[in-house]
Each structure stands twice: as structure tokens, then as C-alpha cells.
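Examination of the molecular architecture
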Amino acid sequence: NAGVTQTPKFRILKIGQSMTLQCAQDMNHNYMYWYRQDPGMGLKLIYYSVGAGITDKGEVPNGYNVSRSTTEDFPLRLELAAPSQTSVYFCASSPRLNEQFFGPGTRLTVL
Amino acid sequence: QKEVEQNSGPLSVPEGAIASLNCTYSDRGSQSFFWYRQYSGKSPELIMFIYSNGDKEDGRFTAQLNKASQYVSLLIRDSQPSDSATYLCAVLNSGGGADGLTFGKGTHLIIQP
């Protein structure tokens, strides 16, 4: 199993551009999560999903959108990128409401 | 607002000594607790979980839970330089929602050779 994979690893965006961060898992987990991690600030939940077709907002959803059309994929969309969205983004999955398994992360810089 | 508090450190411990990492949480209904290790530039990696009051040992790691005091700790025995990392405490949210875990900001641990 590849576990949780994320692409790209690094990306630089200009202010106002849009992009999609990809996340996929091959463990047949129902629960998937998107976090952002700023230096010294811990992990903040952006969006989560409990299964295909079902998503909900986390603590910091503004400026982001998600979709979950399959169990495997959970992309995160950034519209109109802003410098405040410079961060490291982690996707995670879980078989149940319990421990989460993280992808390698995407380091995003908005200039 | 559910909160998980950790001392950010850095916590400096000599090689071979016991490192003690502490965490308090605000959600009194929480039942599941996790410790993640995060090396610089890497993703969090699960190292321990604990559900019941008391101690749980796994190799050099011991997790301790006291629900009455809303306190979780992680002990690392015979600390090695490879244990140098940030340790994140995470608490499973109660209340029936599916929003999963609330993370602390982490404690930066440095093991001095």
C-alpha cells in the first residue's frame, strides 16, 4: 500500500491564482481530512469528509473548497490565492473516528 | 472551543535520560488520546495511543492518562538523538461529530548527545 499520497510536494503561486492540491489513499478509509500547519501553530483542520459525497467545514475553511467523488480521492481547491494561505498542507485518512494517517504534505508559498 | 495545551519547549534532555512530555485538554468527554512525532519538514507519525486511565507501555515509550485531571503524558526512556523531534498531543473530539482530532501545538524535544 502506498498509504496517503499528496501532490505536488512544493508549489509557488502568485496572488490571485488558483490551484488544486491532490490527495489520494489506497487503504479504503472512509474518513479524510485536510489540515494546514503554520510554523509554531500546530495543525488546523480545514475540511473533512466521512465518505464519498459528504464533506464538512473544519476550523479554518475560508478560501478553500473540497470535493469527495470517490473513497480514494479528496482534492483541496484554493481559489484566489492570498499570502495568508502560505503554509504546509497535510492530508490525512482514518478507517474510523480514531487515529489518523498523514500524507507527506504540500509546501505552498503565495507571493 | 476545544483546546489541547502543550509546552512548546524546547525541552533539552541528555542522551540516555528520560524525556517527559505533558499535555492537558479541555474536552472532558474525550475518550481517545494520541501522540504523534514530527521530524522537521516531515509529516506527523503516530507513535502511541491510549484510551484508559493509567499507563500504556510500548518499547521505550510510555503513555500516561488521567481523565479526572484531563492530563496526558508521554515518557521516553533511554532517550536517543533520533528522538529529537516535535511531539504532538492529539485528542479525539467528543460530541458525536466527525471532525476527528484536536492537536496541540507540539513540544520540541532535543536530545543532547
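Residues numbered from 1 in each chain as written. Chains lettered and ligands numbered in written order. Predicted model: local features only at pLDDT ≥ 70, side-chain atom pairs only at ≥ 80, totals over all residues. Heavy atoms only, no water.

**What about the overall build of chain B?**
When you go through chain B residue by residue, the secondary structure sums to 0 helices and 11 strands. Along chain B, from the amino end to the carboxyl end, the secondary structure elements read β-β-β-β-β-β-β-β-β-β-β. Against the globule reference of 13 Å for 113 residues, chain B gives a C-alpha radius of gyration of 14 Å, in line with a compact fold. The C-alpha extent of chain B, read off along each of the three principal axes, is 45 × 30 × 20 Å. Counting all 113 residues of chain B, 44% fall into the buried class. Expressed as a percentage of contacts within chain B between residues at least 6 apart in sequence, the contacts between residues at least 24 apart total 54%. When the accessible surface of chain B is totalled, it reaches about 5,200 Å², and 48% of it is carbon and sulfur. (Helix = DSSP H or I, 4+ residues; strand = E, 2+ residues; numbered from the N terminus. Rg over C-alpha atoms; globule rule 2.2 N^0.38 Å. Buried < 20%, exposed > 50% of the residue type's maximum accessible area, 1.4 Å probe, protein only. Contact = heavy atoms within 4.5 Å. Areas by Shrake-Rupley, 256 points an atom, 1.4 Å probe, with all protein chains shown as cover.)

**A look at the environment of Gln25 of chain A**
All names here are of chain A. Structurally, Gln25 is set in strand S3 (residues 19–25). Separated by 47 residues in the primary sequence, Gln25 and Glu72 place their C-alpha atoms 5.1 Å from one another. Beyond its immediate stretch of four places on either side in the chain, Gln25 contacts Gly3, Val4, Met32, Arg68, Thr71, Glu72 and Ser93. At 2.8 Å, the side chain of Gln25 forms a polar contact with the backbone oxygen of His29. (Polar contact = N/O pair within 3.5 Å; in protein donor to acceptor, adjacent residues only side chain to side chain.)

**Concerning the side chain of Ser49 of chain A**
All names here are of chain A. Relative to the elements of secondary structure, Ser49 occurs in strand S5 (residues 43–51). What makes Ser49 buried here is its relative accessible area of 0%. For Ser49, the side chain forms a polar contact with the main-chain oxygen of Ile54, separated by 2.6 Å. Reaching out from Ser49, the side chain makes a polar contact with the side chain of Arg68 at a distance of 2.7 Å. Apart from the residues within four sequence positions on either side, Ser49 is in contact with Asn30, Tyr31, Met32, Ile54, Thr55, Arg68 and Phe74.

**Some thoughts on the nonpolar core**
Judged by nonpolar contacts, the single largest core of 23 residues is most densely connected at Trp35, Val72, Leu74, Ile76 and Tyr87 of chain B. If you list the elements that add at least two residues to this core, you get strand S3 (19–25), strand S4 (33–38), strand S5 (45–50), strand S7 (61–66), strand S8 (71–76), strand S9 (85–92) and strand S11 (107–112) of chain B. Dropping the residues within four chain positions of it, Tyr87 of chain B is found in contact with Gln6, Leu21, Trp35, Tyr36, Arg37, Ile47, Leu74, Ile76, Gly106, Thr107 and Leu109 of chain B. Counting residues in hydrophobic clusters, the runner-up holds 19 residues, among them Val4, Trp34, Ile46 and Cys91 of chain A. (Core = buried A, V, L, I, M, F, W, Y, C linked by side-chain atoms within 4.5 Å.)

**Some details on the sheet that holds S7 of chain B**
Paired through their backbone hydrogen bonds, the strands of a sheet run either parallel or antiparallel. All names here are of chain B. Taken in spatial order, the 5 strands make up an open sheet running S1-S3-S8-S7-S6, and their pairing is antiparallel. Either end of the sheet is taken by a strand with one partner, and the two such strands are strand S1 (4–5) and strand S6 (54–58). Examined bridge by bridge, S6 and S7 share 5 bridges and lie antiparallel to one another. From the neighbouring strand, Glu57 faces S7, where its bridge partner is Thr62. (Pairing = 2+ DSSP bridges.)

**Quick look at the interface of chain A and chain B**
Between chain A and chain B, the residue contacts involve 21 residues of the former and 21 residues of the latter. Our count for the contact surface shared by chain A and chain B stands at 0 salt bridges. If you list the elements that add at least two residues to the side of chain A that touches chain B, you get strand S4 (31–37) and S5 of chain A. (Salt bridge = Lys/Arg side-chain N within 4 Å of Asp/Glu carboxyl O.)

**Topic: the pairing of S9 of chain B**
Within a regular strand, the side chains alternate between the two sheet faces. Residue and element names in this part refer to chain B. When you tally the buried positions in S9, you get 7 out of 8 residues, the bulk of the element. Note that S9 and S11 share 3 bridges and pair antiparallel. In the strand pairing of S11, Thr86 is matched with His108.

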